[in-house]
Amino acid sequence: MLNIILMGPPGAGKGTHAKWIADQYKLPHISTGDMFREAMASGSELGNKIKDIVNSGGLVSDELTCELVKERLSRPDCANGYLLDGFPRTIPQAEALKAFGPEIGREVNLVIDIECPSEVLISRIAGRRVCPKCGASFNVNTMKPKKEGICDYCGTPLIQRKDDNVDSFKVRLENYTKSTEPLLDYYKKEGLLHSFDGTLPILNMQSELLALLGK
Ligand code: AMP
């Protein structure tokens, strides 16, 4: 069974690879970023509470995030594996997952880390366009949709995320370095960490992932 965490700095390609892994291995793709964006778009109480934090690149509180993820992982579609994208992002979140994971039968057994230098990240973030409906990610320079401005998968007009600007990116990268990077050591010690070069062409990355996860 594949209970996977996908890690990497903003712009490393998590969303793109997550979509592929989830399709390939029939796993529910659980992205905390997508869950927060959906909450904001729906104008729910949660959405209004987190809007300013998310748009400025800050981190939502560990308590709120962990509660949301625990509830999501508890659902029956995660019983045969799952792919977590964007969670955990802090040591307290990892500790919480370590405690509630086994409790709800969802213990993590693999961590995939996508590494990427910051100069590559910033240019990817600037060109990124996303589908607000299905979450697919494109890039105006390197990964253009077939039809300009339109999602290849569901035909929805693409948008630029509010937090994909230079100021928010800086905050997100700082948060990554300060709060999330320490998790690499944490999962290395647990013997779960597998690191990949995020600058590789997508197809090469996919064949490396196949080698790790099986066909
Ligand atoms: P992402 O789509 O993964 O880049 O996440 C977008 C934004 O959602 C982040 O910049 C945070 O504001 C928030 N977010 C997503 N996941 C988490 C998390 N695990 N902990 C705290 N905030 C999160």
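Preceding this section is the structure that the text describes.
What counts and what doesn't
- Residues numbered from 1 in each chain as written.
- Predicted model: local features only at pLDDT ≥ 70, side-chain atom pairs only at ≥ 80, totals over all residues.
- Heavy atoms only, no water.
- Core = buried A, V, L, I, M, F, W, Y, C linked by side-chain atoms within 4.5 Å.
- Buried < 20%, exposed > 50% of the residue type's maximum accessible area, 1.4 Å probe, protein only.
- Helix = DSSP H or I, 4+ residues; strand = E, 2+ residues; numbered from the N terminus.
- Contact = heavy atoms within 4.5 Å.
- Pairing = 2+ DSSP bridges.
- Axes fitted to C-alpha atoms, helices over the stretch in contact; angles between N-to-C directions.
- Near = heavy atom within 4 Å.
- Polar contact = N/O pair within 3.5 Å; in protein donor to acceptor, adjacent residues only side chain to side chain.
- Areas by Shrake-Rupley, 256 points an atom, 1.4 Å probe, with all protein chains shown as cover.
- Nonpolar A, V, L, I, M, F, W, Y, C, P; charged D, E, K, R; others polar.

One finds Ile4, Ile21, Leu83, Ile112, Leu209 and Leu213 to be the most contacted residues of the largest nonpolar core, which totals 23 residues. At the level of secondary structure, the elements contributing two or more residues to this core comprise β1 (3-7), α1 (14-25), β4 (110-115), α6 (118-127), α7 (166-180) and α9 (202-213). With five residues, the top contributor of residues to this core is α1. Contact partners of leucine 213, with chain neighbours within four places excluded, come to Leu2, Ile4, Ile21, Tyr25, Leu110 and Ile112. Grouped together as the second largest cluster of nonpolar side chains are 22 residues, Ile30, Leu84, Phe87 and Tyr187 included.

On the basis of which strands lie adjacent, the open sheet formed by five strands has the order β2-β3-β1-β4-β7 and parallel pairing. Two strands in the sheet have a free side with no partner beyond their single neighbour: β2 (29-31) and β7 (193-197). Shown here is a sheet whose adjacent strand axes are inclined to one another by a mean of 20 degrees, direction ignored. With five bridges connecting them, β4 and β7 associate as parallel partners. Pairing of valine 111 across the sheet is with leucine 193, part of β7. Lying on the sheet, helix α2 (residues 32-42) is in contact with β2 and β3 (82-85); it crosses β2 at an angle near 65 degrees.

Turning our attention to the site of the ligand. The full set close to the ligand counts 16 residues, and Thr32, Arg37, Gly58, Gly86 and Gln93 are the nearest of them. Arginine 161 has a polar side-chain atom sitting 3.0 Å from an oxygen atom of the ligand. Contact with the protein chains removes 96% of the 480 Å² of surface that the ligand exposes when unbound. Of the residues contributing to the shell around the ligand, the split by class is five nonpolar, six polar and five charged.

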